[in-house]
Amino acid sequence: MEAVALVAVTVLIGGIILLLAVWRSRGKTGSEPEPSDQRANGQAVPEKHPSKKTKQQKPRKERAQQHNFSHPLLASALKAHSGNITCFDFSSNGKYLASCSDDRTVRIWSTKDFLEKEHRCMRANVELDHATHVRFSPDCRAFIVWLFNGDTLRVFKMTKKEDTLTFSPGHDDFPKRHKASIINIGIAETGKFIMTASNDTSILIWDLKGEVLASINTNQVANAYATISPCGRFVASCGFTPDVKVWEVCFGKSGEFREVCRAFELKGHSAGVCGFAFSNDSRRMATVSKDGTWKLWNTDVEYKKQQDPYLLLTGKWCGVEPCRIALSPDARVVAISSISDITVYNAQTGEVEEEFHSVHAEVISDLAFDTTSKFLASTGDRAIRVFHNTAGYRAAIADMKDMLKKATNKGTKDRLQLQIRDAERALAAVCEQS
Ligand SMILES: *[C@@H]1O[C@H](CO)[C@@H](O)[C@H](O)[C@H]1NC(C)=O
Ligand SMILES: *[C@@H]1O[C@H](CO)[C@@H](O)[C@H](O)[C@H]1NC(C)=O
C-alpha cells in the first residue's frame with residue numbers, strides 16, 4: 001500500500017513539475033501565442049528585442065489578424081502590409097506617409113485619405129531584403145531605407161506619372177560602415193546630409209552620395225535613440241547616460257561640409273534617457289527617461305553665446321520600456337508609448353489627456369504626429385493606427401483663450417474670437433464623428 005502511495009505521489013509531483021516547466025517556458029515566450037489577449041489582461045511583460053535570426057523565423061501568420069482594437073478617437077487603421085511595420089515617416093509637405101515592414105515592401109499612403117473608408121497605398125519592393133527604417137527626402141521625391149540584410153542604406157527615387165508613383169532604387173547602395181544594429185536614419189531638411197545611428201556609440205554623417213563626412217562617438221555607452229532636428233542643423237542622441245547630447249553639423253558658405261561640433265546638452269534627468277523628440281521648428285524638445293519622468297525643454301537658445309536650454313516642465317511617466325516619445329509639431333502635446341499602450345499628455349500642464357491600451361499586437365515600434373498636429377499615428381504590428389489629436393485641439397483653444405484675455409487691440413480680439421470659434425467647431429466635428 002505504502003509503495004503504491006509513494007509511486008502515486010512521485011508521479012503526481014513529477015506531473016506538477018512537468019506542468020510547471022511547460023507553463024514557465026510558455027511564460028517566457030510570453031506574447032507568442034495570443035499576444036492581444038495577454039496584453040488586454042495587462043499581463044504582458046516587456047519582451048526582449050528579438051535577435052536577427054529569430055526575427056526572420058518567427059511565425060507570425062495569424063497573430064496580427066487576431067488583434068482587434070477600437071477607440072472613439074481612432075480615425076483610421078491603415079492596413080496593407082503582411083508583416084510587422086518597423087518604421088514610418090510623414091513627408092515634409094504633409095502629403096504622404098511611408099511605412100516599411102519585414103514583408104519586403106515600403107508603402108506610400110496618402111494622408112488626405114485618413115478620414116476615408118478606403119486607404120489606397122503605393123508599393124515599392126525591396127528586392128531580396130527588407131527595410132527597417134524609411135525617411136523621405138526633403139523635396140519628397142525620394143526616400144531612403146535601411147536594409148536589414150544589406151546592413152546599409154538604399155535610395156529610392158519616386159517619379160509621378162499621371163497620379164501614379166513609381167519607385168526605382170539608385171544605382172548603388174551606400175558602403176557598409178556600421179558595426180552594430182541601426183536605431184535610426186534621417187535626411188536633413190536642408191538636403192545637405194544623411195545620418196545613420198547604431199546601438200553602440202556611433203553616429204555617421206554622410207553626404208547624399210554615400211561618402212562619410214564625419215563619425216560621432218556619443219560616449220553614451222549604448223545609443224538608445226538619435227535623430228536630426230527638423231531644421232536640419234542638429235543631430236542629437238541619448239543612451240545609457242542621463243543626458244541628451246546635441247551637435248551642430250556645420251557647412252561653409254558654398255555648401256561644403258566643415259565640421260560637427262558640440263552644440264548643447266539637456267541635463268536634468270536622473271537616469272538614462274529612453275527617447276526624445278523635437279517640435280517642428282526645433283525650438284522645443286521632449287524627453288522620456290527611466291527615472292519615471294518626461295520633460296519638456298526650451299531649446300530656442302543661442303548656444304554659441306553660452307546659453308543653455310532650459311526646462312519648461314516635468315511630467316510623471318509610469319510606463320516601462322520599450323517606449324517611444326512624440327511631440328506634436330506645435331509642441332502642445334506629448335505622446336509616450338509603453339510596450340503597446342499610449343498615453344497622451346498636455347505639454348503645458350503635464351496632465352494626462354488620453355490613454356490608449358493594447359493599440360497593437362506587438363511592441364509599438366514607431367509613434368509620431370502628422371505635420372498638421374491633427375493626428376497621432378502609431379505602429380508595431382501590420383497596421384498603422386491614426387488617432388484624432390483632440391488633446392491638441394483643446395490645448396490650441398486654451399492657448400487662444402489665454403491670448404484673448406491678454407489682448408488689448410480690438411482687431412486682435414476679433415481675430416482670436418473667430419479662430420476660437422473655428423477651432424471649437426473643428427473639435428466638435430471630430431467628437432461627433434467619434
Ligand atoms: C543592439 O541591437 C541588437 C539587435 O537588436 C542586439 O542584439 C544588441 O544586444 C544591441 N546592443 C546593445 C549594446 O544594446
Ligand atoms: C509647425 O506645425 C504647425 C502645425 O502644427 C504649423 O502651423 C507650422 O507652420 C509648422 N511650422 C514649421 C516651421 O514647419
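Colleague: Explain the overall build of the protein chain here, please?
Modeller: Counting secondary structure elements, the protein chain contains six helices and 28 strands. The buried share of the protein chain, reckoned over its 434 residues, is 50%. The contacts in the protein chain between residues at least 6 apart in sequence include a share of 47% that link residues at least 24 apart. Accessible surface, the protein chain as shown: approximately 22,300 Å² in total, 52% of it carbon and sulfur.

Colleague: Can you walk me through the site of ligand 2 in this structure?
Modeller: Close to ligand 2 lie Asn280, Pro329, Asp330, Thr371, Thr372 and Ser373, which account for all nearby residues. In this structure, an oxygen atom belonging to ligand 2 sits 3.4 Å away from a main-chain N or O atom of Thr372. Here an oxygen atom of ligand 2 sits 2.8 Å away from a polar atom, N or O, in the side chain of Ser373. Bound to the protein, ligand 2 loses 42% of the 370 Å² it would expose on its own. Looking at side-chain class alone, the shell around ligand 2 contains one nonpolar, four polar and one charged residues.

Colleague: Help me out: how do you make sense of the pattern of salt bridges in this one?
Modeller: A pair can form between side chains of opposite charge whenever their charged atoms are brought close. Applying the stated criterion to the full structure yields 18 salt bridges. Note that Glu354 and Arg394 form a salt bridge whose closest N and O atoms lie 3.1 Å from each other. With a gap of 40 residues between them, Glu354 in strand β25 (residues 352-356) and Arg394 in helix α5 (residues 390-406) connect regions that are remote in the sequence. It is possible to trace a salt-bridge network through shared partners that takes in Arg233, Glu248 and Lys304.

Colleague: It is not clear to me how the nonpolar core should be interpreted in this structure. Could you clarify?
Modeller: Soluble globular proteins: nonpolar side chains tend toward being buried together. In terms of nonpolar packing, the biggest core is built from 18 residues, with Val106, Ile108, Val134, Phe143, Val145 and Phe167 touching the most fellow members. Elements with a contribution of two residues or more to this core: β3 (96-101), β4 (105-110), β6 (131-136), β7 (142-147), β8 (152-161) and β9 (164-169). In contact with Val145, other than residues within four places in its own chain, are Val106, Ala131, His133, Val134, Thr152, Leu153, Arg154, Phe156 and Ile185. Val288, Trp317, Ile325 and Tyr345 belong to the second-largest nonpolar core, a separate cluster that totals 16 residues.

Colleague: Explanation requested: helix α6 (residues 410-433) in the structure shown.
Modeller: Owing to its 3.6 residues per turn, the α-helix brings residues three or four apart onto one side. When the terminal C-alpha atoms of α6 are compared, their 35 Å separation across 24 residues agrees well with the 34 Å that a helix rising 1.5 Å per residue should span. The set of residues buried in α6 consists of Leu416, Ile420, Ala423, Leu427 and Val430. Those residues of α6 that are buried lie in contact with β28 (383-388) and α5. The N-terminus of α6 is capped by Asn409, whose side-chain oxygen sits 2.7 Å from the backbone nitrogen of Gly411.

Colleague: Help me out: how do you make sense of the packing of α5 against α6 in this one?
Modeller: Describing two packed helices takes the angle between their axes plus the distance from one axis to the other. Contact geometry of α5 with α6 gives a least axis separation of 10 Å together with a crossing angle of 160°. Taken together, α5 and α6 sit at an angle that is classed as roughly antiparallel. Seen along the crossing, α5 lies across α6 with a hand that is left-handed. Mapping the contact onto sequence places Thr390, Tyr393, Arg394, Ile397, Met400, Lys401, Met403 and Leu404 in α5 and Lys413, Leu416, Gln417, Gln419, Ile420, Ala423, Glu424, Ala426, Leu427 and Val430 in α6. Looking at the contact of α5 with α6 residue by residue, the classes come out as eleven nonpolar, three polar and four charged.

Colleague: When you look at the environment of Gly392 in this model, what are you seeing that I'm missing?
Modeller: Of note, Gly392 is situated in helix α5. Overall, Gly392 belongs to the buried group, its relative accessible area being 6%. With sequence-adjacent residues up to four places away left out, Gly392 is seen in contact with Arg332 and Val333.

Colleague: Could you clarify how one ought to interpret the confidence of the model for the protein chain in this entry?
Modeller: If pLDDT is low for a region, its predicted coordinates should not be looked at in detail. Taken over all residues, the pLDDT of the protein chain has a mean of 88, while the share at 70 or more is 85%. This model gives residues 16-60 a pLDDT under 50, and the stretch forms 47 contacts once residues within four places in sequence are excluded.

Colleague: Help me understand the packing of aromatic side chains in this model?
Modeller: Here the distance between the centres and the angle between the planes together describe a pair of aromatic rings. Throughout the structure, instances matching the rule amount to 17 aromatic pairs. Look at Phe234 and Phe264: their rings are 5.6 Å apart centre to centre, the planes differ by 70°, and that puts the pair in the edge-to-face class. You can see Phe234 sitting in strand β15 (residues 234-239) and its partner Phe264 sitting in strand β17 (residues 257-267), a full 30 residues away along the chain. The exposure classification of Phe234 matches that of Phe264, with both residues buried.

Criteria and thresholds
- Residues numbered from 1 in each chain as written.
- Chains lettered and ligands numbered in written order.
- Predicted model: local features only at pLDDT ≥ 70, side-chain atom pairs only at ≥ 80, totals over all residues.
- Heavy atoms only, no water.
- Helix = DSSP H or I, 4+ residues; strand = E, 2+ residues; numbered from the N terminus.
- Buried < 20%, exposed > 50% of the residue type's maximum accessible area, 1.4 Å probe, protein only.
- Contact = heavy atoms within 4.5 Å.
- Areas by Shrake-Rupley, 256 points an atom, 1.4 Å probe, with all protein chains shown as cover.
- Near = heavy atom within 4 Å.
- Polar contact = N/O pair within 3.5 Å; in protein donor to acceptor, adjacent residues only side chain to side chain.
- Nonpolar A, V, L, I, M, F, W, Y, C, P; charged D, E, K, R; others polar.
- Salt bridge = Lys/Arg side-chain N within 4 Å of Asp/Glu carboxyl O.
- Core = buried A, V, L, I, M, F, W, Y, C linked by side-chain atoms within 4.5 Å.
- Expected span 1.5 Å × (residues − 1).
- Axes fitted to C-alpha atoms, helices over the stretch in contact; angles between N-to-C directions.
- Parallel < 35°, antiparallel > 145°, perpendicular 65-115°, else oblique.
- Left-handed = near helix turned anticlockwise from the far one by under 90°.
- pLDDT = per-residue confidence, 0-100.
- Phe/Tyr/Trp six-rings, centres within 6.5 Å; stacked < 30°, edge-to-face > 60°.

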